[in-house]
Structures are given as structure tokens and as C-alpha cells.
2 protein chains.
Amino acid sequence: MDKNKTQNASDSVENEVEVKSRRDFFKSAAALSATALAGSSLLASETKGEGDPNILEEPEWATKWGDPVTYNRYGMPSPYEHNVVRRNTKLLASGNWRASIAVTPIHESEGIITPNGLFFNRHHGGTPTIDPNKHRLMINGTEKEIVLTMDELKRYPSVTRIHFVECPANGGQEWRGPQYNSLQFAKGFMSCAQWTGVYIKTIVKDLGLKPGTQWMLAEGGDSSSMGRTIPIEKVLDDAMIVWAQNGEALRPEQGYPIRLLVPGWEGNLCVKWLKRIEFSTDPYFCKEETSKYTALRPDGKAIQHFYANEVNSTIVKPSPEKGWQNLKDGEWIEIEGLAWSGFGTIRGVDISLDGGKTWKPAKLKGLVLPKCWTRFSYMHKFKKGEELVLASRAYDDEGNIQPTVDQEVTAVGVEAVYHRNAIETWKVNKDGSVTHVQVRSKLKRAKDGRVVIDEGGKA
Amino acid sequence: MDKNKTQNASDSVENEVEVKSRRDFFKSAAALSATALAGSSLLASETKGEGDPNILEEPEWATKWGDPVTYNRYGMPSPYEHNVVRRNTKLLASGNWRASIAVTPIHESEGIITPNGLFFNRHHGGTPTIDPNKHRLMINGTEKEIVLTMDELKRYPSVTRIHFVECPANGGQEWRGPQYNSLQFAKGFMSCAQWTGVYIKTIVKDLGLKPGTQWMLAEGGDSSSMGRTIPIEKVLDDAMIVWAQNGEALRPEQGYPIRLLVPGWEGNLCVKWLKRIEFSTDPYFCKEETSKYTALRPDGKAIQHFYANEVNSTIVKPSPEKGWQNLKDGEWIEIEGLAWSGFGTIRGVDISLDGGKTWKPAKLKGLVLPKCWTRFSYMHKFKKGEELVLASRAYDDEGNIQPTVDQEVTAVGVEAVYHRNAIETWKVNKDGSVTHVQVRSKLKRAKDGRVVIDEGGKA
């Protein structure tokens, strides 16, 4: 249990404040009695509020009773947070809002939990309103076949895990270069939550698998009957049927009353409104795994049966929505981001301030868990008027590392939609605003059809 | 980082299913091909859905488009979950719903995260609606004094931690015996969330502490100007000023835009709508820490300056709201509960089925973190018509263990309100319903005024 004693990847508070000259400053409370070191303040200037009406005058809300305690109610965010919402575009919706996607404002995310009200969602037939008392889960293809009510399903011993869910199209609009000057639209096809449910291996243990079982079909109860087939090794490793998200019942748009969770793998495998699973010797080639969710390669062929979301990362602060316009010269500022890998646990993240020419290690902060968002942090001393090109590069415990855009594009071309995980870059402009850019070489098509880097006549 | 590789306290899946005869059943996927062991199913019977109209007929929701994707919106729970809400009673409200408490439906909790919509809340002057652009944080009593806007505050390097917050009155209505046949009302004065903010020690490092500083005042911006004083050692250990909860801005009733977080200590110290902190050599004896939040002892004196919520636990499933009425004879069922300690990390939990006569170790499951809810689990084979008296007893890494009701009452009497952490018991009745009971000896008052156990003329 000692391994969980700390919630921080590092045991040292240095993890939070990476300012070398102050390394010994926390050694004892007594040291804090010393006058703050001149010129090394985290905030470059301070104010005592002179002349600020918000300090001099009593605010209206302090002069009267507030609202009654929220008895018998379910709370909502402050009206001042009305801009922190999921968003959609016509570009993604193809004119049908029921077979579309709503993306998460990850530029406003904190830690590794996405609140349920902001969790991204992707539908193929809209959100059904399912009566849990009438919903059933059928399990076929096992030695014993079974139909479960929701109450019966929840009697199995439960497990709780924190995992991200990511649409494999996350970032996939941008193979040919940035289309959105926005983190929410560029990378918000993902979220991360605490999931509670039952391991499928726990149920299968009761029912018995037939010899030769290699695949499991998952079928949704919505009008699209969303179907996907999953290799049995993954199913018996960590796939779950979940009924709760962040400590409460799944939201309708997340599959209420139950969905499949396939940790680290494509979000569309996590079939929502789950009504049936069936075990078999062969894959099912469902509509949604042949018409979609394949990888078109430069030679015109499409690859099937690849599932894990690759190691990936993005800088969250700053981002196009959260610039550095209000920073003062000489102020220390935290560059913060998210890293994740469907293959395992994030081992580290490198940060570049010059578009990938040089790299420095960032600190991982908070909980570092498998197939889960991991926060990273790098302290930077802001220089008024500077221009930076910020990039992050994550690597995981399976030896995977994020490719450059050049590497990814020369490997798989630009015709793909899914599984884009090339390094993302933000340009910090002289005025502190942030622009989504892409660092890449000139490309050309070689005689054999492949896309290659144009190195001036070679290739 | 390996220490965080697993999200489970045990590396073995045995943690989830504690059924001895099947211990080797998971060793390989091949083993799962065997027919399920006759008679040892987790669910005692199975159905193929014969005659169930919910299987035979296509549900209405599968025949039509569902609702459009929630673009530009903030989601809400399913209408079928309308009973999972915070609740209040007149008993607690004293006729003023603005200085009251709303308790969390912890019988429906899953894992260690309480969603923000269900997080318990306690107010002294109602919930103010604060404009974050006008709100300021003033810091006094430091070498440099400062006033911060919310933007400036958020520029400090942030930390994210999962901690419970508990009102010290949790369970305090029940010193003289059960008053509520309800887990929500008996123990729902607490919740647990992921908090993001800045350590106060990080700010203090910039500003410099004056020699002899021993206390910190925290003052709320609501109409009650809620004030509490906190020893400087705790402040410099892990106290935080937080602006985010479960990945989004604090809810208004949780202190939007900022609150204090004092991990593991009384919830009322976590001053909401925080407007000022001041460092000093002496405590402040604010109204709310003299009129309330002291501990009345049998001799009529009240103890001040005790802060940490003691080690505690409660069984969540079953509970008065979640009985075993629908279980079948011979079915395996998971007894599940929550344990927590304001002093540190939960080391273990014992379970009793006979009201505390005999104890067996439960398994800790999921993440085990300091000053955080910890889930425990015990698999029980249900016998139709059995009567049980279920109890749990938690202990932490500081050597603390929950007392019996006898032990607690003889130590501190029954006049107290706060810091009750005696063992909680549920009676499982013959029909599977669950009743809140208390296991205690007969008590009497000794000549010196102390409450003692009546052992038949002795004492």
C-alpha cells in the first residue's frame, strides 16, 4: 500500500515548483520566515489593491443572504462558466446532429477527471432514453447463455478504474495541417473519467467460454445497433461493462444504463447502450467496422483490426483558447499539458520551446496511471515580446514515443482519418496570443505513390 | 512510477472475486474455456429471457432516432435517476434553509469520486453568486502583502489531489442511537473529489512569513464572513487554495470561484468563497469556532482546536436504502463500503457479520490514497432468511482504529456533536431489508458525572 502513499509522481514538492535557485527553500517551515527572495517571485509584481474598487467597496453578494442550500436537488455550474461547454461544428456533423460528435473543452480541464457534463460524445443514431427496468443484457456464445437485468448485472463484484476514452479521429481533421485555431476542436475528441462496472472475465468465469473462442461482438441498444468485434485477449484482460462514471450512473449520452469499456482502445469499441455480447471463433465485420474505423494507406488499401490509441500528448496551457496576453515580463508561468497512451502508462514527456529543435524533460504531476490522462508541467520564465513554438513529446512504458509530423506523414501518408498522434505545436506570438501551427518539411509524392520528404531533388 | 502502474491495491484479480474454490480459475484464458463450475456461480441462477417481453419485443427506443448530440451544452443525468439527489431535513435546517446542509446519496456512490452535482454542502449564510472578475484574494500578515485577481492566482503552479471533505457533524445526530434508517442521512455529510489549486506554501514562499507566525485566518466572502483559524504547520503541509473540482470550476455551493482545502480536517475549515487569508502569532477565535465546532465533554467543558476527522468507515452496500430483498439463496454478493481518515492512509478494514463479535479482513479495492475515500469489499454467500448484523472497522497508517460505540461513549459521553467515528452497524433482516441499529452496552452515569458501562452494579 506504500506505493499509493503519495498522490504525486515525485515525492518532492519540487515537482510543483521547478525553480532551481529555491530548491532548499521548503526544507523547513522556519525557512519560510525569511524574506522572499528579491527578483525571483513567481508573480513578477504584487499589488495591495490600492484604488481597486473590488477591494475598497463591499461586494453586493456579501451584504445579503445567499441562495438556500440545494436540498433535494442536483447542482449545476456557476452562470459565469457558461462558455465551458461541449461544442460541435457542421464540419463534423455532416448535417445530421444525431450522428455527430460533441467535443470537450479540454483547454479548461484540470487534473485527470472530466466532469460528466463535459464528457465528449459521439453517436451513430442519437441518444436513446432507455428505461433501465426494461433494459436487458444478453450474453450468447458462452457454454451457458444468459439474460441479465440491470440489478442482476450490478450484483457481480465491481471494479473501479480511471481511464481515458478517445475517438480514434481525435486530431484526424488535421492530417494536412491545422484547421482549427482551437484546442477544444483540435484535440477534444477525448475525456477521462472514473469508471465502475464488472470485468467481462468475471462474468465469463461463471458462464464458461467455448473452445476456440477468439472474438467478442458488442451490440448497442440504440437505433444504429452499433456493433464492434474485439479480440478475446483484450476482452479477458481489462474490458469492463460499466454502469457508473465519476461516482454516479452513466449519463444518457454515455450509454445509460450500461456501456462497454475497452481501456485505451478506440472509443467506438466502448459500445454504448450495450444490449448484447456474443463470443465466437471469427470476427463479425459489422457495418461500423468496415465502413468506418479502418486506416486508409497511401497504396489505397485499408487496414482493419487495429485498436489501441497510440501514445499522444498536447499542451493545454497555453493553448489557442488560453494565451499569455496578461503575463508580466519576468513572471514564472507553468506550461501544462496532458499525455496518454492506449498501450500503457506514460513514462515521461519532453517539452520544446523552439518547435522541436531542442527538448527538455517536463515533470509528471499528480496520479500516473495506466491508460489514463497524465498531467505534465514545465516552469518557464516569461519574457515580454518573446516568440516561442511550444511542442510536447510523450513516451510510454511500452517503448512508444510520439512521432514528428514528418515521421507520421511519411509513414502513413495524409489520406488517413484515424490514429493521428504526431507532435502538436502551438506558436506563442509576440503579444502572448497562441496560434495552432504545424512544423513539417516539404513533402512530395514519390514514383511509387508514397508521400516522402522533399529534401531538394533527392528521395 | 512503477508504484502507480496498477490502479488496484492488490495486483491480483483475486481482489475483485474472493471465492476461494476458484482461486486458480483465472490463471489463463484457456482455463476460461472450461465449463463453469456447477453450483458456484456468482449469480445463483440464470435466465435466457424466455417469456420476458423486454427480450422478445424490440424496445421503442431502438426503433427511432435518439436525441441530437449535445452540442454547445452541459449534460445532466438520466430522468430515471431523479431519486439520486442531495437531501435536507428540517431537523438539520433549524427552519433556515440558507444556514443548512444538503447531504450526499452515498448509498449510490461508486468508486472514490462524488460528482459535483451531488457533493454535500453546508452553508452559514446561503450560496452567494460571485462574479469571478470582481472577486479578489487578499493576503495579509506576510512580509509582503498582496491582492490577487483570480487570473493572477491561477498563474501559480497548480497541484491536483483527490481528498474527501467531511463535516465534523457527520453521524453526530446519532450519539444517543440511530435516528435515521438511512445511510444518506446518517453518514452523507461528506463527499470526495479531485481538487485543483495551489499550495499555500507556494504562495507563502513568494511573500515571506514573519517571525513567530503560528496561525492562519481564512475568511469567506459570503454574507456570514465565515472565519476559521488554522495552525501554520498544517497550512504549510498540504493546505491548498482550490479553484477546480473534478476537472471544472468549483460549483457556486462549493465556494466558486475559490475555497480553502485543508485535507482530512473538518469541512468547515475549508472556507468557501475565500476572500482573505491572514497570518498571525495568535488564533482568532472567530464566531464559528467558538459558538460551533468545539467538543463538549461530560464535565461540561468544551475542547477547542481539534481538527482532523478521525479514522472512520461505513458499509454502503447493503444499507437501509439498498437492501438484499431480491437476492437468491446461495448467491455470492459483494459487501462494499467506504473508509477514510483525516490522519493519513487507510491500511485495512475488518468486516463483522455478527455485530462485532468476530471480524474478518476485507479487501481494499481501487486507489488507496491519503486523506481520501478508500473502497473495501468482502464477498459473502447469501443464505435466504439469514439475519446478519454487519459492521466495519477501519484502521489507518498512523495507528488509529475505529472505536466501538461503548468505547467512544465512555470516553467522551453522549453530549458531543462532532467527531463521532464509532463503528456503524446495519441489521440484515430475514426478508433482506436493512435496518440501522447500534450495538452497545447499557450505560449509566457514575458519581463523578462520567458516562460508564453498566456492568451490573459495578462501576
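The structure this text deals with has already been given above.
Residues numbered from 1 in each chain as written. Chains lettered and ligands numbered in written order. Predicted model: local features only at pLDDT ≥ 70, side-chain atom pairs only at ≥ 80, totals over all residues. Heavy atoms only, no water.

J.: Please clarify how the side chain of Glu253 of chain B should be interpreted in this entry.
T.: For Glu253 of chain B, the location among the structural elements is in the loop between strand 10 (248–249) and strand 11 (259–261). Under the relative-accessibility criterion, Glu253 of chain B is labelled buried at 4%. Among the polar contacts made by the side chain of Glu253 of chain B, one reaches the side chain of Arg86 of chain B at a distance of 2.9 Å. Residues in contact with Glu253 of chain B, not counting those within four places in the same chain, are Gly75 and Met76 of chain A together with Arg86, Asn121, His123, Thr127, Lys272 and Trp273 of chain B. (Helix = DSSP H or I, 4+ residues; strand = E, 2+ residues; numbered from the N terminus. Buried < 20%, exposed > 50% of the residue type's maximum accessible area, 1.4 Å probe, protein only. Polar contact = N/O pair within 3.5 Å; in protein donor to acceptor, adjacent residues only side chain to side chain. Contact = heavy atoms within 4.5 Å.)

J.: Mind showing me how you'd approach the pairing of strand 7 (residues 215–220) of chain A here?
T.: On a regular strand, one side chain projects to one face of the sheet and the next to the other, so that they alternate. Residues and elements named next belong to chain A. Most of strand 7 is tucked away: 6 of the 6 residues are buried. The pairing of strand 7 with strand 8 (residues 227–231) spans 5 bridges and is classified as antiparallel. Across the sheet, Leu217 pairs through a bridge with Thr229, a residue of strand 8. Following strand 7, the chain reverses through 6 residues before pairing antiparallel with strand 8; Ser225 in that reversal takes a positive phi of roughly 45 degrees. Judged from the 6 bridges that link them, strand 7 and strand 12 (residues 274–280) form a sheet pairing that is antiparallel. When the sheet's bridge partners are listed, Gly220 is paired in strand 12 with Leu274. (Pairing = 2+ DSSP bridges.)

J.: Whenever I open this one, the pattern of salt bridges confuses me. Can you help?
T.: A pair can form between side chains of opposite charge whenever their charged atoms are brought close. Within this structure, the stated rule accounts for 40 salt bridges over all chains. One salt bridge connects Asp350 of chain B with Arg393 of chain B, and the closest N-O pair in it is separated by 3.0 Å. Placement of Asp350 of chain B in strand 17 (residues 346–352) and of Arg393 of chain B in strand 21 (residues 388–396) is noted, with a sequence separation of 43 residues between them. Salt bridges sharing common partners tie together Glu334, Glu336, Lys365 and Arg375 of chain A. (Salt bridge = Lys/Arg side-chain N within 4 Å of Asp/Glu carboxyl O.)

J.: Looking at this model, I keep getting lost on the relation of the copies chain B and chain A. Mind explaining?
T.: Copy one and copy two of the chain differ by a rotation about a common axis and a shift along it. When chain B is fitted to chain A, the residual RMSD is 0.0 Å, and the transformation amounts to a turn of 180 degrees plus an axial shift of 0.0 Å. Interpreted geometrically, this transformation is the action of a two-fold axis. Interface residue correspondence from chain B to chain A reaches 100%, placing this contact among same-surface, isologous pairings. (Least-squares fit on C-alpha atoms with pLDDT ≥ 70 in both.)

J.: Explain the interface of chain B and chain A to me, please; I cannot follow it from the model alone.
T.: It is common to report an interface's size as the accessible area lost on association of the parts. Each partner contributes to the interface: chain B provides 154 residues, whereas chain A provides 154 residues. For the pair chain B and chain A, the summed buried area comes to about 13,600 Å², and 58% of that belongs to carbon and sulfur atoms. Summed over the shared surface of chain B and chain A, the number is 6 salt bridges. In this structure, Arg136 of chain A and Asp52 of chain B form a salt bridge, with 2.6 Å as the shortest nitrogen-oxygen distance. Our count for the contact surface shared by chain B and chain A stands at 36 residue pairs in polar contact (both at pLDDT 80 or more). (Buried area = accessible area lost by both parts, 1.4 Å probe.)

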